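Descriptive structure summary
One letter stands for each residue in the lines below.
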Amino acid sequence: MLENLSERLQGIFSGLKSKGRLTEEDINAAMREIRLALLEADVNFKVVKAFVARTKERCLAAEVLDSLTPAQNVIKVVLDELTELLGRTDSKLVMGSRIPNVIMLVGLQGSGKTTAAAKLAYRLKQENHAPLLVACDVYRPAAADQLATLAGEIGVRAYRGDGVDPVRIAQEGVRDAIDSLRDVVIIDTAGRLHVDEDMMVEAEAIRDAVKPDQILMVVDAMTGQDVVNVVEAFASRVDFDGVIMSKMDGDARGGGALSIREVTGKPIKFISSGEKPDSLEVFHPDRMAKRILGMGDVVSLIESAVKVQQEEAEAVEAERMAKGQLTLDDFITMNRQVHKMGGIAKLISALPGGDKALGSGQVDEGALDAMEVIINSMTKEERVKPEVLNGSRRARIAKGAGVTVTDVNQLIKKFNETKKMMKKMMGTVEQQQRRKGKRGKSRRGRALPGMGGMSMGDLKKLQQMMDQ
């Protein structure tokens, strides 16, 4: 999503960087290109007009044109304005003081409300809440079954009722949450293919009956410019508190995501990419703006790594790796942890220039998976002591994994290179510790958590070795 816009904007900035000084004509030409890029990305034309006007005014200021690095200043201005467009600050989900808290989801049919409800429940469960999902869509065939199935997959209770009155089901759901000691109720309401009066009346009736602490609107990121009309209609009738952008991994232009905050003043609280329960992420406007401008999102990458570390009990393993005692089993552990963080593609995309590398096919997303297949064809001894792998053993492993002996040899070569890199890295950490005269690990040289001892600076080196 938004890759084409990102590529266009990066191309515009590359042209500005080639100029030592910028003139007013250069700024005007750049603003025209930015306007076209935003319109082609399906950003609402009124939003584009206001955005370009503000950006142009700031870029034509004397402190920009007369500075030593005018192109960099222009990029900073665009980054600031893009962040402002998306929402200057993060908008967290606010939980009320009453128990249970009630969260009501609204939106059109097909926007992904039911899936978003399950993902939100999963996220709240991970935060030590006890959510209850309530199925109030009595019109779409098997809607309640879908919600119940998703709830079962994530270990969350679901209430579906036995009637056809969605308002009554919502009320009964809240009572069920009280009886079953649930502290959060998530109500999945019905939608339509387009905005109509019956849907709005029903949403208002449910809102008035259960008095939700938060109303979140689920918006399909692939809707396009029409998303503006949809969110305006819901804002005027149910006055929602924030937005969940679904299907952010789609291949549509996605400019609607850049229009919502400007048009309605309602913040984007979450974005969702993929179908997995853990794919609902808190929306950070500044990080998204940097991603669009090709600056990466290393902060989110680090947070994902820390989360994986907290979930895994790796104390003994980490101590062993700190001594450079890497085994082929650690490659499998690393691969599974990478998958927990969203896969190698997500990790690379969070780095500056990562989206461009993915788009050009420079990243082999299946490299680690291919390695795991080969390693699983080895015996326990061979995985722990790769030095015992002679010619006949490698031939047997290749046959079992359905690959060539050359593939096995390349794996062992990459393993040895990674082992050397880890020893070198840990040697640097020890030197820092000795210089500081402190016991324990230096924070500055610490390995990236949850990545089998790899540091952030070594992530690209790892991928380069995978692709050789």
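Residues numbered from 1 in each chain as written. Predicted model: local features only at pLDDT ≥ 70, side-chain atom pairs only at ≥ 80, totals over all residues. Heavy atoms only, no water.

**Structural notes on the overall build of the protein**
- A count of helical and extended segments in the protein gives 22 helices and eight strands.
- Counting only contacts in the protein whose residues sit at least 6 apart along the sequence, the fraction spanning at least 24 positions is 74%.
- Surface accessibility of the protein: about 22600 Å² in total, with carbon and sulfur atoms responsible for 49%. (Helix = DSSP H or I, 4+ residues; strand = E, 2+ residues; numbered from the N terminus. Contact = heavy atoms within 4.5 Å. Areas by Shrake-Rupley, 256 points an atom, 1.4 Å probe, with all protein chains shown as cover.)

**Some words on the pairing of strand E7 (residues 268–272)**
- Most of E7 is tucked away: five of the five residues are buried.
- As judged from the three bridges shared by strand E6 (residues 242–246) and E7, these two strands associate in the parallel manner. By the bridge assignment for E7, Val-243 is matched with Ile-268.
- Where E7 lies against strand E8 (residues 280–282), three bridges are found, and the strand directions are antiparallel. Directly across from Phe-270, in E8, lies its bridge partner Val-282. (Buried < 20%, exposed > 50% of the residue type's maximum accessible area, 1.4 Å probe, protein only. Pairing = 2+ DSSP bridges.)

**Looking at the packing of helix H2 (residues 24–40) against helix H3 (residues 45–59)**
- At a minimum axis distance of 10 Å, the contact between H2 and H3 shows a crossing angle of 155°. Classified by the angle between their axes, H2 and H3 sit roughly antiparallel to one another. Every pair of crossing elements has a handedness; the one defined by H2 and H3 is right-handed. Here Ile-27, Asn-28, Met-31, Ile-34, Arg-35, Leu-38 and Leu-39 of H2 lie close against H3, whose contacting residues are Phe-45, Val-48, Phe-51, Val-52, Thr-55, Lys-56 and Cys-59.
- Looking at side-chain class alone, the contact of H2 with H3 contains 10 nonpolar, two polar and two charged residues. (Axes fitted to C-alpha atoms, helices over the stretch in contact; angles between N-to-C directions. Parallel < 35°, antiparallel > 145°, perpendicular 65-115°, else oblique. Left-handed = near helix turned anticlockwise from the far one by under 90°. Nonpolar A, V, L, I, M, F, W, Y, C, P; charged D, E, K, R; others polar.)

**Comments concerning the side chain of Ser-111**
- Mapped onto the elements, Ser-111 comes out in the loop between strand E1 (101–106) and helix H6 (113–126).
- Within polar-contact distance, the side chain of Ser-111 engages the backbone oxygen of Leu-108 at 2.7 Å.
- Once residues within four sequence positions are removed from consideration, Ser-111 is found in contact with Val-218, Asp-220, Ser-246 and Lys-247. (Polar contact = N/O pair within 3.5 Å; in protein donor to acceptor, adjacent residues only side chain to side chain.)

**A closer look at the packing of aromatic side chains**
- Counted according to the given criterion, the structure contains zero aromatic pairs.
- Directly above the ring of Phe-240 sits Lys-266, whose terminal nitrogen or CZ lies 5.9 Å from the centroid. (Phe/Tyr/Trp six-rings, centres within 6.5 Å; stacked < 30°, edge-to-face > 60°. Lys NZ or Arg CZ within 6 Å of the ring centre and 35° of its normal.)

**Some remarks on the sheet that holds strand E3 (residues 157–159)**
- Across the sheet, eight strands lie side by side as E3-E2-E4-E1-E5-E6-E7-E8; this open sheet has mixed pairing. Because the sheet does not close on itself, it has two edges, and the strands there are E3 and E8. For this sheet, the mean angle separating the axes of adjacent strands, direction not counted, is 25°.
- Relative to strand E4 (residues 184–188), strand E2 (residues 131–135) runs parallel, the two being bridged by five bridges. Paired with Leu-133 across the two strands is Ile-186, which belongs to E4.

**Examining the pattern of salt bridges**
- Summed over all chains, the structure comprises 16 salt bridges.
- Across the pair Glu-204 and Arg-237 runs a salt bridge, and its minimum N-O distance is 2.9 Å. One end of the pair, Glu-204, is in helix H9 (residues 197–210); the other, Arg-237, is in helix H10 (residues 227–237), and 33 residues separate them in sequence.
- The class for Arg-237 is partly exposed, based on a relative accessible area of 25%.
- Look at the salt bridges and you will find they share partners, linking Arg-54, Arg-58, Lys-76, Asp-80 and Glu-81 into a network. (Salt bridge = Lys/Arg side-chain N within 4 Å of Asp/Glu carboxyl O.)

**Overview of the nonpolar core**
- Formed by 73 residues in total, the largest nonpolar core has its most connected members in Leu-9, Ile-187, Phe-234 and Met-245.
- Examining the composition of this core, we find that nine residues originate from one element, helix H5 (residues 70–86), more than from any other.
- Once you skip the residues sitting within four places of it in the chain, Ile-187 turns out to touch Val-102, Ile-103, Met-104, Leu-105, Val-134, Cys-136, Ala-170, Ile-206 and Val-210.
- Counting 24 residues, the second-largest nonpolar core is a separate cluster that includes Ala-116, Leu-147, Ile-186 and Phe-270. (Core = buried A, V, L, I, M, F, W, Y, C linked by side-chain atoms within 4.5 Å.)

**Thoughts on the confidence of the model for the protein**
- Per-residue confidence for the protein gives a mean pLDDT of 76, with 71% of residues at or over 70.
- Taken together, the stretch residues 459–463 has pLDDT below 50 and engages in 13 contacts with residues farther than four places along the chain or on a different chain. (pLDDT = per-residue confidence, 0-100.)

**Details of the side chain of Lys-113**
- Structurally, Lys-113 can be placed in helix H6.
- No salt bridge is formed by the buried Lys-113. Its closest oppositely charged neighbour is Asp-188, at 5.0 Å.
- In terms of polar contacts, Lys-113 uses its side chain to reach the backbone carbonyl oxygen of Gly-107, at 3.2 Å.
- For Lys-113, the residues in contact, after removing those within four places along its chain, are Leu-105, Val-106, Gly-107, Leu-108, Asp-188, Thr-189, Ala-190, Gly-191 and Val-218. (Lys, Arg positive; Asp, Glu negative; His and termini not counted.)

**Observations regarding H10**
- Inspection of H10 places Val-227, Val-228, Val-230, Val-231, Ala-233, Phe-234 and Ala-235 among the buried residues, and these make up the whole buried set.
- Looking at the buried side of H10, the elements it contacts are E1, H9, strand E5 (214–220) and helix H11 (260–264).
- Backbone geometry just after H10 places Asp-239 at a positive phi near 50°.

**Here's the deal with H2**
- With 17 residues, H2 extends 24 Å between its outermost C-alpha atoms, agreeing within 8% with the 24 Å of an ideal straight helix rising 1.5 Å per residue.
- Turning to H2, its buried residues number three or more, namely Asp-26, Ile-27, Asn-28, Ala-30, Met-31, Ile-34, Ala-37 and Leu-38.
- Trailing H2 by a residue or two, Asp-42 shows a phi angle of about 75°, which is positive. (Expected span 1.5 Å × (residues − 1).)

**Points about the pairing of E5**
- By the criterion of burial, E5 is predominantly enclosed, with seven of the seven residues buried.
- Both faces of E5 are covered, namely the face carrying Gln-214, Leu-216, Val-218 and Asp-220 and the face carrying Ile-215, Met-217 and Val-219.
- As paired elements, E1 and E5 share four bridges and run parallel to each other. Each residue of the ladder has a partner; that of Met-104, found in E5, is Ile-215.

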